[in-house]
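# Architecture at a glance
As a plain string of letters, each chain reads:
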Protein chains: 4
Amino acid sequence: MAYNLLKGKRGVIFGALNEMSIAWKVAERAVEEGAQILLTNTPVSLRLGTINTLAEKCGALVVPADATSVEELENLVDKALEHFGGKIDFVLHSVGMSPNVRKNIPYEDLNYVNMFKTIDISAVSFHKLLQTLYKKDAMADYGSVVALSYIAAQRTVEGYSDMAEAKAMLESIARSFGAVYGRKCNVRVNTVSQSPTMTTAGQGIAGLQKMYDFTDELSPLGNASADECADYVVTLFSDLTRKVTMQNLYHDGGYSMMGISNSVIEKFNK
Amino acid sequence: MAYNLLKGKRGVIFGALNEMSIAWKVAERAVEEGAQILLTNTPVSLRLGTINTLAEKCGALVVPADATSVEELENLVDKALEHFGGKIDFVLHSVGMSPNVRKNIPYEDLNYVNMFKTIDISAVSFHKLLQTLYKKDAMADYGSVVALSYIAAQRTVEGYSDMAEAKAMLESIARSFGAVYGRKCNVRVNTVSQSPTMTTAGQGIAGLQKMYDFTDELSPLGNASADECADYVVTLFSDLTRKVTMQNLYHDGGYSMMGISNSVIEKFNK
Amino acid sequence: MAYNLLKGKRGVIFGALNEMSIAWKVAERAVEEGAQILLTNTPVSLRLGTINTLAEKCGALVVPADATSVEELENLVDKALEHFGGKIDFVLHSVGMSPNVRKNIPYEDLNYVNMFKTIDISAVSFHKLLQTLYKKDAMADYGSVVALSYIAAQRTVEGYSDMAEAKAMLESIARSFGAVYGRKCNVRVNTVSQSPTMTTAGQGIAGLQKMYDFTDELSPLGNASADECADYVVTLFSDLTRKVTMQNLYHDGGYSMMGISNSVIEKFNK
Amino acid sequence: MAYNLLKGKRGVIFGALNEMSIAWKVAERAVEEGAQILLTNTPVSLRLGTINTLAEKCGALVVPADATSVEELENLVDKALEHFGGKIDFVLHSVGMSPNVRKNIPYEDLNYVNMFKTIDISAVSFHKLLQTLYKKDAMADYGSVVALSYIAAQRTVEGYSDMAEAKAMLESIARSFGAVYGRKCNVRVNTVSQSPTMTTAGQGIAGLQKMYDFTDELSPLGNASADECADYVVTLFSDLTRKVTMQNLYHDGGYSMMGISNSVIEKFNK
């Protein structure tokens, strides 16, 4: 069901690899809600994934950009401003990757070249994006920027490794830049802390299925799906949430506020 | 602007005293978004305020109920089910009052009869409401319940007195009952932690204007208004936020995530 | 091992029922560290428990007091000031009980007479105690007050019922009164959020053993024991922690900061 | 006053530049409490500061090490094990620097080479240190590691710039590595979130004096001093806090739990 929540709005969406991606779902929902969008991802991801299918469906322009490259971000923002013929109303940052996690390197044996890559890709890229938008004065007044996060930023999830640090930094950037951009022109910056999701990126984490089952059991509403996440993100892009900023918003079926449930205890004690 | 976000939904709204009330704004917005609503408040508030004006405007039934009385809540819920001819989709709890605050009694000289009244009216009433809804199986699957809170639940605001304790308890009830109601039939329960707002209730707090100015300065987006709060609450009642539960959601222009701003420091040091 | 950390200090300790009690351990450790103490509990608990054994061992005066009665607290504080011949340096509030939990009443069927008892005994008693101390100017400058809490104040623990609300309020009182008492004469007020502990009170919670095992597994250091809690509380009474106030301090082997551990996942998925 | 709290313990202390440094105070207090210590800092800081005065006073060995260099950390740990003739009981990480802050570069115009330096020096160095200790099995069972943090990790402090991100990451590393090291041999890892302090490093932050005055006014106990911080850190190194891990512990006179105080409002509104 669609409500025209984003009618007339223009947005840039990072990270739609394939139809399992949260960003893919956000793109679809944003268009359903009346937005015009531009899709972007790294050149490698553009080749590996199926973004053109999405672009066609959404009538979207695709502009390649490595989010760790300020130059490519500048090019992206220029292209977006030109393509839209005006400023950007919303942006989704759904970018993250840890070579340490991919290679199953234990947290007590991290490779630091990898770690800086994790941080650059998964956290500093968000600052680079915001700073590029800011310098080019590319966001419309009352615009909205959302990045995807995970509860490992607050509580240790074994196996998530240095992505915990990256997400902690990502959320900090949302606060810090939210303060700056809010004062400038009422742009809000938030992170959505989403349930473990069966995306291609998620599947790179060893043992995700077991974690998924555990949090699904502990969460009173069960894990939140990628589709539900897209619904939620749409509200954050809309004009109905104009005073919500610098927040980390849990979209997780209540998981973050659960300590112990009877059903988890039962399964645990079997 | 309206989106039909609550089309076909039916809700009960507590606490619309007069047109300055947040609840009043929520009622108006809910109806604009397509909902059918029922208004309720204590008999005294019904007399003191101007709820009938709102009821007429919204085509709403008004049912008196003291939220501290389980009997009156039972009657209210029965009336709502009957009036709607079906279950309730959303509820707003905007109820709070401290006799200690009203009488300007210092926090180190609290009257405990007053304190239990504060707690009953401002916090336990929320449990009574939820328990009544639960026992009567009155909430529709995927329904949404929101209560209004304030950051004094987390951080001491001098002058807010025992309302801090009431709000801390209110938010705890949202978590505890959210876990129960979520497992039962996917009903979500959240609190919205709103900026200081110039309502009739707010004006009962000594020095509200000064607090208001301070938080307005510190918040990158400024204080959130009652109208903006209504917009936000509407998203929480909608189907787009189905996996958000047990949360305390700051709607405060970023205040909660601010430590120190340059402008506050400047004014402070003058 | 003892360090004379509390040499010359005088303290009042609530809640030492028997040798399993955390308060019992705190009393023993405080005396080992050089303090003079006064023990108190409700008349019923004094009869049911074995406090006299402790009193003899510690050379402590025992003064009965129901912590929900301002009158009895006044009497207690008067007796303490007289007995010590001077002001009080530290106080432990280890008081909590829920008739709803005791009677295994589900959270969605709470009896409100019970709930107000829970709140009065487990939370408001802390305000009554602090207010009595404050009005009688009974705390020495740089004194320290500690109350025992539990993580259910932040995250839902099924089975802990309305004690969650009581602990949330208890922690709020520590903040609110900490602000007042700190400005007056540098008295600090904190809560210690302790692991599930096999005390007589703890054993009143249905399924405590299973919860205990679960948190023991999830916590990197395992659950904290009553003895360890006493060690920690002693540091908070000492002069080494004079600027720590209004905090909720987790003493739980790291449980509060854990999301998911491999070993819990393994047991869960068996 | 000394208590022999660290009698027989051996510790490594980073970051004692001069007698204003928190690390300097911790070193002095640790020795007073019976510990044997080893001091370390970067070669540049060793030259610029007055560490030799401290070393003489404390009978401490000084080993230069750049905390961003794994090689130098390995050398440091080897030297410490050799010097002590046994494992290390405690470590203080008091290391942080942002070239962006030093050069007064605005947060919306960050230089990313600088930012990665900030992160490496102020956050990743903590992981490098812990990993080096871990791989060399250099920490004694029940050892304790503390790093110094600041509330900008949670709430935006304008002017603190990318150090906010560094501190958020630092605290995340404490959690993540605390989980690992706790399971291995009960080593605990915590951060202390300290009031603004008039150290040489602190003075590098533009407008520190004004921030200092503001937080001093808002904190019920006033700002915590470097001396008081040293007292507190000593308790965390002692055997009395063995089950406290993965925590960020506020040592700030209550600042972190304050929203608004009357006196701040008065000054603000003048």
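So, a few notes on the structure that sits alongside this text.

About the cut-offs
- Residues numbered from 1 in each chain as written.
- Chains lettered and ligands numbered in written order.
- Predicted model: local features only at pLDDT ≥ 70, side-chain atom pairs only at ≥ 80, totals over all residues.
- Heavy atoms only, no water.
- Helix = DSSP H or I, 4+ residues; strand = E, 2+ residues; numbered from the N terminus.
- Rg over C-alpha atoms; globule rule 2.2 N^0.38 Å.
- Contact = heavy atoms within 4.5 Å.
- Areas by Shrake-Rupley, 256 points an atom, 1.4 Å probe, with all protein chains shown as cover.
- Disulfide = S-S within 2.5 Å.
- Pairing = 2+ DSSP bridges.
- Axes fitted to C-alpha atoms, helices over the stretch in contact; angles between N-to-C directions.
- Buried area = accessible area lost by both parts, 1.4 Å probe.
- Salt bridge = Lys/Arg side-chain N within 4 Å of Asp/Glu carboxyl O.
- Polar contact = N/O pair within 3.5 Å; in protein donor to acceptor, adjacent residues only side chain to side chain.
- Phe/Tyr/Trp six-rings, centres within 6.5 Å; stacked < 30°, edge-to-face > 60°.
- Buried < 20%, exposed > 50% of the residue type's maximum accessible area, 1.4 Å probe, protein only.
- Lys NZ or Arg CZ within 6 Å of the ring centre and 35° of its normal.
- Nonpolar A, V, L, I, M, F, W, Y, C, P; charged D, E, K, R; others polar.
- Right-handed = clockwise from strand over helix to strand, strands pointing away.
- Least-squares fit on C-alpha atoms with pLDDT ≥ 70 in both.
- Bend = angle between axes of the 7 residues up to and from the residue.

### So, the overall build of chain A
- Helix and strand content of chain A: 10 helices and nine strands.
- The C-alpha radius of gyration of chain A comes to 18 Å, within 12% of the 18 Å expected for a compact globule of 270 residues.
- Each principal axis of the C-alpha atoms in chain A carries an extent, and together these give about 60 × 45 × 40 Å.
- The contacts in chain A between residues at least 6 apart in sequence include a share of 77% that link residues at least 24 apart.
- Of the roughly 8500 Å² of accessible surface on chain A, 48% is carried by carbon and sulfur atoms.

### Topic: the state of the cysteines
- Counted by the stated rule, this structure contains zero disulfides over all chains.
- With no disulfide of its own, Cys 229 of chain A lies closest to Cys 58 of chain A among cysteine sulfurs, the gap being 16 Å.

### Points about the sheet that holds strand E3 (residues 61-62) of chain A
Residues and elements named next belong to chain A.
- On the basis of which strands lie adjacent, the open sheet formed by seven strands has the order E3-E2-E1-E4-E5-E7-E8 and parallel pairing. Each of the sheet's edge strands pairs with one partner strand only, and the pair in question is E3 and strand E8 (248-251).
- Note that strand E7 (residues 188-194) and E8 share four bridges and pair parallel. Following the sheet pairing, Ser 193 is matched in E8 by Tyr 250.
- Packing against the sheet, helix H4 (residues 70-84) makes contact with strand E1 (10-14), strand E2 (36-40), E3 and strand E4 (88-93), and its axis sits at approximately 160 degrees to E2.

### Structural notes on the interface of chain D and chain A
- On the chain A side, the residues contacting the 33 residues of chain D number 33 residues.
- Together, the buried faces of chain D and chain A total about 3000 Å²; carbon and sulfur atoms form 60% of this surface.
- Put simply, chain D and chain A have four salt bridges between them.
- For Arg 183 of chain A, the salt bridge identified is with Glu 158 of chain D, shortest N-O distance 3.1 Å.
- Put simply, chain D and chain A have 26 residue pairs in polar contact (both at pLDDT 80 or more) between them.
- Contributions of two or more residues to the side of chain D that touches chain A are made by helix H6 (112-135) and helix H7 (163-185) of chain D.

### Focus: the packing of aromatic side chains
- Counted according to the given criterion, the structure contains 30 aromatic pairs over all chains.
- Judged by centre distance (5.1 Å) and plane angle (85 degrees), the rings of Phe 268 of chain A and Phe 214 of chain C are edge-to-face. Here Phe 214 of chain C lies in helix H8 (residues 208-218) and Phe 268 of chain A lies in helix H10 (residues 262-269), a pairing that spans two chains.
- Classification of Phe 268 of chain A as buried rests on a relative accessible area of 6%.
- On the numbers, 5.9 Å between centres and 65 degrees between planes, the contact of Tyr 134 of chain C with Phe 177 of chain C is edge-to-face. Of this pair, Tyr 134 of chain C sits in helix H6 (residues 112-135) while Phe 177 of chain C sits in helix H7 (residues 163-185); the two residues are 43 residues apart in sequence, bridging distant segments of the chain. The exposure classification of Tyr 134 of chain C matches that of Phe 177 of chain C, with both residues buried.
- Each residue in the set Tyr 107 of chain A together with Tyr 134, Phe 177 and Tyr 181 of chain D is aromatic and connected to the rest through ring pairs, giving one cluster.
- Taking NZ or CZ as reference, Arg 242 of chain B lies 4.2 Å from the ring centre of Tyr 142 of chain B, over its face.
- The residue whose ring lies beneath Lys 128 of chain D is Tyr 112 of chain A, and the NZ or CZ to ring-centre distance is 5.4 Å.

### Digging into the sheet that holds strand E7 (residues 188-194) of chain D
Residue and element names in this part refer to chain D.
- One open sheet holds the seven strands; their spatial order is E3-E2-E1-E4-E5-E7-E8, and the pairing between them is parallel. Edge strands, defined here as strands with exactly one partner in the open sheet, are strand E3 (61-64) and strand E8 (248-251). The sheet shows a mean angle of 20 degrees between the axes of neighbouring strands, taken without regard to direction.
- Sheet strands touched by helix H9 (residues 226-237): strand E4 (88-93), strand E5 (139-149), E7 and E8. Its angle to E7, the strand with the most contacts, is close to 165 degrees.

### With respect to the interface of chain A and chain B
- Every contact between the two is made by 43 residues of chain A and, on the other side, 43 residues of chain B.
- Summing the contributions of chain A and of chain B, the shared interface buries around 3500 Å²; its carbon and sulfur component is 63%.
- Ranking the residues of chain A by area buried against chain B places Leu 221, Leu 240 and Lys 243 of chain A at the top, with a combined share of 24%.
- Here chain A is connected to chain B by two salt bridges.
- The tally of links between chain A and chain B comes to 17 residue pairs in polar contact (both at pLDDT 80 or more).
- Considering each element in turn, the side of chain A that touches chain B owes the most residues, five residues, to helix H7 (residues 163-185) of chain A.
- Residue composition of the side of chain A that touches chain B, grouped by class: 16 nonpolar, 16 polar and 11 charged.

### Here's the deal with the pairing of strand E2 (residues 36-41) of chain B
Residue and element names in this part refer to chain B.
- The buried fraction of E2 is high, at five of six residues.
- What joins strand E1 (residues 10-14) to E2 is helix H1 (residues 22-32), and the crossover it makes is right-handed.
- Strand direction decides the pairing type here: E2 and strand E3 (residues 61-64), joined by four bridges, are parallel. When the bridges of E3 are listed, Thr 40 appears paired with Val 63.

### Things to note about the relation of the copies chain A and chain B
- Overlaying chain A with chain B gives an RMSD of 0.0 Å, the required rotation being 180 degrees about an axis along which the chain moves by 0.0 Å. Such a combination of turn and shift is consistent with a two-fold rotation axis. Within chain A, the C-alpha atom positioned nearest to the axis of rotation is that of Tyr 3 of chain A, 2.6 Å from it.

### Re the relation of the copies chain D and chain A
- Superposition of chain D onto chain A requires a rotation of 180 degrees combined with a translation of 0.0 Å along the rotation axis, giving an RMSD of 0.0 Å.
- Both copies present the same face, since 100% of the interface residues in chain D are matched by interface residues at the equivalent positions in chain A.

### Details of the side chain of His 251 of chain D
- Among the structural elements, His 251 of chain D can be located in strand E8.
- The class of His 251 of chain D is buried, set by a relative accessible area of 0%.
- Polar side-chain contacts of His 251 of chain D include one of 2.8 Å to the side chain of Gln 194 of chain D.
- Discounting residues that sit within four places of it in the chain, His 251 of chain D has contacts with Lys 243 and Val 244 of chain C together with Val 192, Ser 193, Gln 194, Ser 195, Ala 224, Ser 225, Glu 228, Cys 229 and Tyr 232 of chain D.

### Some details on helix H6 (residues 112-135) of chain A
Residues and elements named next belong to chain A.
- Of all the bends in H6, the greatest measures close to 50 degrees and is centred on Val 124.
- Within H6, 20 of the 24 residues are buried, which leaves the element mostly enclosed by the surrounding structure.
- Its side-chain oxygen at 2.9 Å from the backbone nitrogen of Val 113, Asn 111 defines the N-terminal cap of H6.
- Remark: Asp 137 follows H6 within two positions and exhibits a positive phi of approximately 50 degrees.

### Regarding the pattern of salt bridges
Residue and element names in this part refer to chain C.
- For the structure shown, the criterion picks out 64 salt bridges over all chains.
- The closest approach of N and O atoms between Lys 267 and Glu 217, which form a salt bridge, is 3.4 Å. Here Glu 217 lies in helix H8 and Lys 267 lies in helix H10 (residues 262-269), a separation of 50 residues in the sequence.
- Assessed through its relative accessible area of 22%, Glu 217 is described here as partly exposed.

Shape is all these values report; function is a separate question.
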